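Chains, contacts and geometry: an overview
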Amino acid sequence: MKMPTEHTGMVHDDRIRASLARGRVVARSPGRIRLELATLYRAPAVKRDIERALVHYPGVLAVHASPLTGRLLLLVTPARELALLAELGIDDAAVASSGQTSAASQAALAAQAPAHASAALARTHANASGAPAYPPWHLRESGQAIAHLRSSGQSGLHERDAAARLRRYGHNVIAPPAPLTSLDILLAQFKSLPVALLGLSAIVCAITGGAAEAAALVAVLMLNGAIGFFTERRAETTIASLSELVDDIVPVLRDATVRQIAVTQVVPGDVLMLAPGIRVAADARLLRGDALSMDESALTGESAPAPKASAALARPVPLAERANMAYRGTTVASGTGMGLVVGTGAHTEVGMVEALTLAAKRPRTPIQRQLDQLGNQLVVVSAVLCLGVYALGLLRGYPWLRLLKVSVSLAIGALPEGLPTVATTALARGIRRMRDHKVLIRRLHALETLGAIQTLCMDKTGTLTMNSMSVAAMRSAHIDLQLRPGRGDALPPAPAGMGQAELSRLLQVGVLCNLSGKDEHDAIDSSPTELALIAFARDAGIAPEGLRRRYRLLASELRAEGRNYMRTVHALDGGRRRLVAVKGDPAQVLALCQRRLVGASARELDEAARQDIVRQNARMAERQLRVLGFAYTELRSHEPVESAALTWIGLLGLADPLRPGIDQLIKQLHGAGIRTVMLTGDQALTAREIGKSLHLNHGAPLSVINSDDLDSFAPARLGKLIGHAHIFARVSPAHKLRIVRALQAGGQVVAMTGDGINDAPALRAANIGIAMGGGTDVALSVADIVLKDDQLETLLTALREGRIISSNIRKSLRFLLSSNLSEILMVLGAVGVGSGPPLTPMQLLWLNLLSDMLPAIALAAEPAENDVMVQAPRPPGQALVGHADLRRYGREGAVLAAGGLAAHLYGILRYGPGARAGTIGFNTLVLGQLLHTLSCRSERQRIFSEHAPPPNRSLSAAIGASVCLQILANLVPGLRRLLGIAPPTASDVLATVAGASLPLLFNELAKPGDRQTTVPRTMGNS
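Presented here is an overview of the structure given in this document. (Residues numbered from 1 in each chain as written. Predicted model: local features only at pLDDT ≥ 70, side-chain atom pairs only at ≥ 80, totals over all residues. Heavy atoms only, no water.)

Per the secondary structure count, the protein chain includes 37 helices and 28 strands. Going through the 1022 residues of the protein chain one by one, you find that 54% of them count as buried. Intrachain contacts of the protein chain at a sequence separation of at least 6 include 73% that bridge at least 24 residues. Carbon and sulfur atoms make up 58% of the accessible area of the protein chain, which totals about 41100 Å². (Helix = DSSP H or I, 4+ residues; strand = E, 2+ residues; numbered from the N terminus. Buried < 20%, exposed > 50% of the residue type's maximum accessible area, 1.4 Å probe, protein only. Contact = heavy atoms within 4.5 Å. Areas by Shrake-Rupley, 256 points an atom, 1.4 Å probe, with all protein chains shown as cover.)

What follows is the structure, encoded as structure tokens:
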């Protein structure tokens, strides 16, 4: 483009002038003008052109254009504001509505622009974004959108066209944030407040003549940095591996066939098939929808599913109100539909949002944030205490310079610089251990949340059961068929006479009203129920393929919210008549029927016959069978389907065996204080029997809520019932989502297990979504945790590890805080009684180097305590370190300090003030802190009891290495001189051991031990 060579007050590029002239002022203050430009939105090339054109414009101080938001910020000379707006042709009165998003503003401007400007805008977007643009999509008729993208609503794209578009527009991916480099990790070791104070202390020591102390401080900084670097680099490698388990697979219409393709292969112009639980792969303009609603909470924040329709909108509206659009990352809550892909990858709405945070580092977990906050608070507390030591020493008349060095060293020893490393180590170790047990962690926050789970919602099919459906019973007017599921029984010979006609009609409906193996546009993954119906028909000698060719499919309606049955319409007699086939919830199907099939004829369905069918259904449900009702009717081509009266055929009962040992698993979950809730599509009668066999109620009256109650109860009453229910029957994906959110609203930390596409919305909404390894790709993609071996029992391992992680971080914290506090209290006590500072600055630095980092990291690798799974879950929102914890840590630190101070005073009484007395106090405190790590291994069990924690080889090695270093410090003359200590005598060693052991004994006796091995459970159903 042509750039102005002189500041003439003109922009010489007509396209840029036109873009600016259509801008709207959205905010203005002295020296700042913020504009919204339609042509800037999603157009990096326009950004560059505008910034180049305006950066040297008279009166413009700076230009910031964002294609992510479509906004332009001008920093200008205040005196030039009005003149600048006039020269650029911008109407200062055109202020955008605050309630309209940038995309919506763009849509409004594009709608007002001339046709040639809209075409230019489309070309600009196509060149800049790598995707064809035709804004605003929600204002266009679906046919216009299809024509613009050269696609077809009936057959989708051809494979060759899709391949060409993939090369042109790129894969449908959003680039992940760049991983941390080794340099980033190394520099991060020196960015915390405690480390900054260590560096400042080194400078103070060097200025005040303490070269040795300054050098030691630098050594401490380097060693701590090296330990933190190598530990965190390994941890970052583990944590960075948390990625998508598999490429999402979505159904797409191509070459008039529904095909399952990877999300990354979706291109503009593709037609997405939408069904409950499917996660939308790209931004799409809806072409049709049947009772379709979307969970858009991830994008809009709205908790209720948004109803969708395909009609064009009459005016621009915000994103959350675009009923004819589906956006990447949202999930189908209910119903079915088709959507035309209009944006992929980074050029979707969620892609633009994620691009804003692309350069941001991974957010810290709640525990990491709490540790950061705690570390900063401890810096303040330790600084106040050290100032107290300094002030008290001055009052006692001690030399100010010596006191300053001691106080600075004491502050260094009290700084918890190891806290971030401890948390990262514990989290990374948890990820590795879970992988060894076939548990894949895919979201870092899940590791912490596992230990706090209070309610576990479990999908029945495929989670509690084997997900291997087979027909076990059939009832019609003349048939009472009983099979043994899972035994390989052959279907008995077809009954003769009237029963033959009933069986034939039921098999016909079971094959036709079925998604298994179909190529039509409504096809989604076949369910075990439908596969079982096909197998039942084959066993009876029916060829499903031939039956489907004979009765061509005309239309279908899948189950949807409030409609627990499926209906298909098929051609009869060359299209002159139609067959309507229905299967689903026996109660709802029966309500649609006015006649009953008896033999080959239809008879009136009177009240006695209805009650008999209800009793048959109840008897099947008592056998824990999933019961389906079947009905049909035949119509002339002009007769409406929706209002047609149906003819009842009969019932089929399908068995899905419970997983072996599942009842024991439920018992163990209850023992861990976790409430269990079953969510199922079965009717309430079947669900109740399964709940009884699993003892879901844990001794309380079994509470079952039907989906009808979910829809009819007032919110206040429903909230109370949900908090005490054990089973939810006849639930849809939207119901599951609603149940999870209602439990969360009641203050519960909720985990959801599932394996199907209908579980995906609830899996995403739960605090932790847990997918079975053999589940659908949609379920795997939204889950936080995947049980790779497809065994729910593995969940106990995950729960156990989650509790271990939280517990071990607390153990490390306990050790660091109580040990650091003991150093301050020992010096404060000695100065207070007038014996002088008992520790030299070098001794304090040695303590920091020897007894902090390695033992704390080793405690983060503690094995599980014996009673970890009989403790109550951690209350949600509970602080990592509460007031009771601080009191306990303070008491333990005081006891450690008392042991060291007593040994020091013993040395003064025996040798007088000097190096020998200081040696005894120094050795005692070092050994006392190392022994204190043994006490920190459990908050409840004593180390010498029969329930003592299992061995920890890492901790034993850390303590052994530290003790050896301390012995060397006492034996090697050079180290003795550096630390200012003298060779200990045998009596000194005995005094040291006594002074270090007595605090351990006292702190151990203060534990509850066997007096309290469990924490009272807080289960809602116990």
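Turning next to the sheet that holds strand β27 (residues 768-772). Spatial strand order, β12-β28-β27-β26-β13-β23-β25-β24: eight strands in an open sheet with mixed pairing. Strand pairing shows two members of the sheet lacking a second neighbour, β12 (439-441) and β24 (704-706), which therefore form its edges. The average angle at which neighbouring strand axes cross in this sheet is 20 degrees, direction not considered. As paired strands, strand β23 (residues 675-679) and strand β25 (residues 727-729) are joined by two bridges and run parallel to one another. Each residue of the ladder has a partner; that of L679, found in β25, is F728. (Pairing = 2+ DSSP bridges. Axes fitted to C-alpha atoms, helices over the stretch in contact; angles between N-to-C directions.)

With antiparallel pairing, four strands are arranged side by side in an open sheet as β1-β2-β4-β3. Each having just a single partner strand, β1 (24-29) and β3 (60-66) make up the two edges of the open sheet. Strand-to-strand, the axes of this sheet are offset by a mean angle of 15 degrees, without reference to chain direction. With respect to the sheet, helix α3 (residues 81-88) is in contact with β1, β2 (32-36), β3 and β4 (71-76), its orientation differing from that of β1 by roughly 170 degrees.

One finds I785, L792 and L799 to be the most contacted residues of the largest nonpolar core, which totals 92 residues. Top contributing element to this core by residue count: helix α30 (residues 794-833), with 15 residues. Within the second largest apolar cluster, 33 residues are counted, among which are V509, V511, I534 and L579. (Core = buried A, V, L, I, M, F, W, Y, C linked by side-chain atoms within 4.5 Å.)

Attention shifts here to the pattern of salt bridges. Using the criterion set out here, one finds 34 salt bridges in the structure. One salt bridge connects R577 with D573, and the closest N-O pair in it is separated by 3.4 Å. The shortest N-O distance in the salt bridge between R659 and D790 comes to 3.8 Å. Of the two residues, R659 is situated in the loop between β22 (646-655) and α23 (662-671) and D790 in the loop between β28 (785-787) and α30; the sequence distance between them amounts to 131 residues. D790 sits in the partly exposed class, given a relative accessible area of 25%. Salt bridges sharing partners connect three or more residues here, namely E159, R254, D255, R259 and D270. (Salt bridge = Lys/Arg side-chain N within 4 Å of Asp/Glu carboxyl O.)

To continue, consider a nonpolar patch on the surface. Nonpolar side chains collect at one region of the surface, where L183, L186, L187, F190, V218 and M222 lie side by side and expose about 510 Å² of accessible area between them. With three residues, helix α8 (residues 182-188) is the largest single contributor of residues to the nonpolar patch. On the basis of relative accessibility, which here comes to 31%, the residue F190 falls in the partly exposed class. (Patch = residues over 30% accessible without salt bridge, like charges linked within 9 Å, V, L, I, M, F, W, Y side chains within 5 Å.)

Trans peptide bonds make up the majority, and among non-glycine residues the majority have a negative phi. Its identity is not glycine, yet D255 carries a phi of approximately 50 degrees, on the positive side. Tracing the sequence through the fold places D255 in the loop between β5 (249-254) and β6 (257-262). On the accessibility criterion, D255 (28% relative accessible area) is partly exposed. One non-glycine residue, A256, adopts positive backbone phi at about 65 degrees. Its place among the elements puts A256 in the loop between β5 and β6.

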